[in-house]
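# What the coordinates show
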Amino acid sequence: MGFSNSIYRHLQKISGKPNVTKEKEELLCYSYDATGNSFLPDAVVFPESEEEVARILKLASKEKLVVVPRGAGSGMTGGAVPVKGGLVIVTSRMNKIFDIDENNFLVRVQPGVIVSDIHKTVEEKGLFYPPDPASSSVCTIGGNIGECAGGPRAVKYGVTRDYVLGLRAVLPSGEVIQTGVATVKGVAGYDLTRLIVGSEGTLAVVTQITLKLLPLPATIKTMAVFFDTVQKAAKTVSGIMRETVVPRCVEYMDEACLDLVKDYFSFDLPENTKALLIIELDGDVSSVEKDAQNIKTLCFSYDALDVIVAKDQTEAQKLWDARKALSPVLYKIATNKINEDIVVPIDKIPDMVQVTQKIQKTSGLKVVSFGHAGDGNIHCNIMYNKANENELKRAEKAVDELFDATLSLGGTITGEHGVGMTKMKYLPREIGATQIELMKGIKRVFDPQNILNPGKIF
Ligand SMILES: Cc1cc2nc3c(=O)[nH]c(=O)nc-3n(C[C@H](O)[C@H](O)[C@H](O)COP(=O)(O)OP(=O)(O)OC[C@H]3O[C@@H](n4cnc5c(N)ncnc54)[C@H](O)[C@@H]3O)c2cc1C
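My aim in this report is to walk through the structure given alongside it, one point at a time. (Residues numbered from 1 in each chain as written. Predicted model: local features only at pLDDT ≥ 70, side-chain atom pairs only at ≥ 80, totals over all residues.)

### Examining the sheet that holds strand 1 (residues 20-21)
Here we have four strands laid out as an open sheet, ordered 1-2-4-3, and mixed in their pairing. In the strand order of this sheet, the two ends are held by strand 1 and strand 3 (67-70), each with one partner. Across two bridges, strand 1 lies against strand 2 (residues 43-45) in antiparallel orientation. Considered in strand 2, the bridge of threonine 21 is made with valine 44. Most of the contacts of helix 3 (residues 50-63) go to strand 4 (residues 87-90), to which it runs at about 170°, and overall it touches strand 2, strand 3 and strand 4. (Pairing = 2+ DSSP bridges. Helix = DSSP H or I, 4+ residues; strand = E, 2+ residues; numbered from the N terminus. Contact = placed C-beta atoms within 7 Å. Axes fitted to C-alpha atoms, helices over the stretch in contact; angles between N-to-C directions.)

Okay, structure coming up:
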C-alpha cells in the first residue's frame, strides 16, 4: 500500500509536523548512501524516542508500509537506500548519550549518536571505546550496529559486535525487545544481540545500545613505514602479526593511494616508495617504547626503506588524515569505483596483493588498494568511468575474479561493509543454500510481512 494523506498525518501526529517530510528535495537527501545508489523514499521521519519508533512501526505493520532505518547514510553497500521506496526512519534526533557507568565500564546510548562523540565523551573520563571506522566523525552507532563496523583498531580490539552487551530494539510489529546483558557474562537463551548486530536494519530498529568500555591506554605511538614494493609491505604485515606484540592498527596504502594523499604528510616520501604501512601501538609508556623499537627492527629486516615515528599527536593525526581522506579522493582517478572490503587470512595477504595486480592487468582498469591490512581486510577499489559501458563490464568481471580469488584463499567477501544491495548476488558463493534458507527463516520470524528494509542481503 502507498502513502495516503491519512498515513502521513498519522506520522505527523507521532513525531510532530516538522519531523516528517515528503518534499522531493528532502527525500533526495535520504535516497542514497556512500555507494551513490539512489532510490527515492515516499516519506522521511525523524523520531526522537523509542516510543515514537514503536508507534511508527505499529502503523507501518498495520498499513504494510516499507520502512528503512537510516543513520548517517555513510554505508558502503546501499544498506540504508530505500530500494523499494517507503518510509525512511532517520535517527539523527535520537542522539543522546544517556549515562556512563564508570564503575562497570559501560555506556548507554541512543542509535543516532555520532561515533566520534562517543569516543570523545568516554575519553574525557579516562575510558575507551575501541571501534573506530574511518568514517567515525560522521557515522552513527546505530549504523555501526547495522553493519557490525570495524576500523583500523580492529587488529587489536575487534569490531562493534565485541563491544555490544545489550540492545533495545523495535520489531517490525512495533513490539519493543531488550536483548543481552549489562554484565561481562550472560548466556540466557540464544544471543539475539549478536544476531541483530550486523543484520543491516532488516530485523529490528535499534533504539538503545549498551556498550562495553575499556580503560584508556596511557600512550599511543604512530609510525609510518615505507617500502619499494607492495609485496615487501604485505610480507611485513604477515611478519608483524606473527609476533607477540599486537599493534592496535596496521594500515596499508599502495602507490596509487600515496600519489593522491602525499600532500597530507609532514615529511617527504623516500625515493621509490611504492607502499606505506601506518602502524600504531598503545599501552603503558615503557612497553610501547620497547615494542616500537622491536617493530622498527622487524620492518627493516623485511627491507623497509625507512621508518618514521610521529613525534607528537599532530604529526600522527596528519598520517590518519591522509588515510581517512582516501575513500573520497579516489574519484580523482575515475568517476566511479566499486569498493570491495574483502578479508583474507593474514598469511595470505601477499597472495592477495598479487591477485589485485593481476586483475589490474587483465581488466585494464586501475585497482587501488588500501585498508586494515593487520586483520587481512583490504579495501580493493576498482576504478571505472560509468559513461563507458565497456569499462563497467570490465569492472564487474574484475569483482567476480576478486571474490573468487578471495574465497579460494579462505577469505570472506565482506569484512565490515555488509551485503546490502551491492553484494547480494555474490552471497551464495560464500555461504551455502542451507544457511541462506536458515537466514531467510530468521528474517520471516522477525518480519513476517517483509516490511523492514526489504531488498537487502538476500
Ligand atoms: C569515507 C568512509 C570511510 C569508511 N570507513 C569505514 C571503516 O573503516 N570501517 C567500517 O566498518 N566502515 C567504514 N565505512 C562504512 C560506513 O561508515 C559504516 O558502515 C557505518 O557503520 C555506517 O553508519 P551510518 O550511520 O552511516 O549508517 P547507514 O549507512 O545510515 O546505515 C547502515 C545500515 O545500518 C542500518 N541502520 C542504521 N541505523 C539503524 C538502527 N537504528 N537500527 C537498525 N538498523 C540501522 C541501515 O538500515 C543500514 O542497513 C566508511 C564509509 C565511508 C564513507
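### Some points on helix 10 (residues 285-301)
If you check helix 10, its first and last C-alpha atoms are 25 Å apart, about what 17 residues at 1.5 Å a residue would give, namely 24 Å. Buried residues belonging to helix 10 abut strand 12 (219-227), helix 8 (230-241), strand 14 (275-283) and strand 15 (306-309). Two residues or fewer past helix 10, aspartate 303 is found with a positive phi of approximately 75°. (Expected span 1.5 Å × (residues − 1).)

### Observations regarding the site of the ligand
Near the ligand, the surroundings consist of 36 residues, among which Gly71, Gly79, Gly143, Gly146 and Gly201 are the closest. Put simply, the parts of the chain that give the shell around the ligand at least two residues each are strand 3, helix 5 (141-147) and strand 10 (205-212). In terms of residues, the shell around the ligand owes the most to one element, helix 5, which gives five residues. Looking at the shell around the ligand, its residues break down into 13 nonpolar, 18 polar and five charged. In terms of domain composition, the shell around the ligand takes at least three residues from each of domain 1 (5-90) and domain 2 (97-215). (Near = placed C-beta within 6 Å. Nonpolar A, V, L, I, M, F, W, Y, C, P; charged D, E, K, R; others polar. Domains from an automatic or database assignment.)

By themselves, these are just geometric observations and shouldn't be taken as functional.
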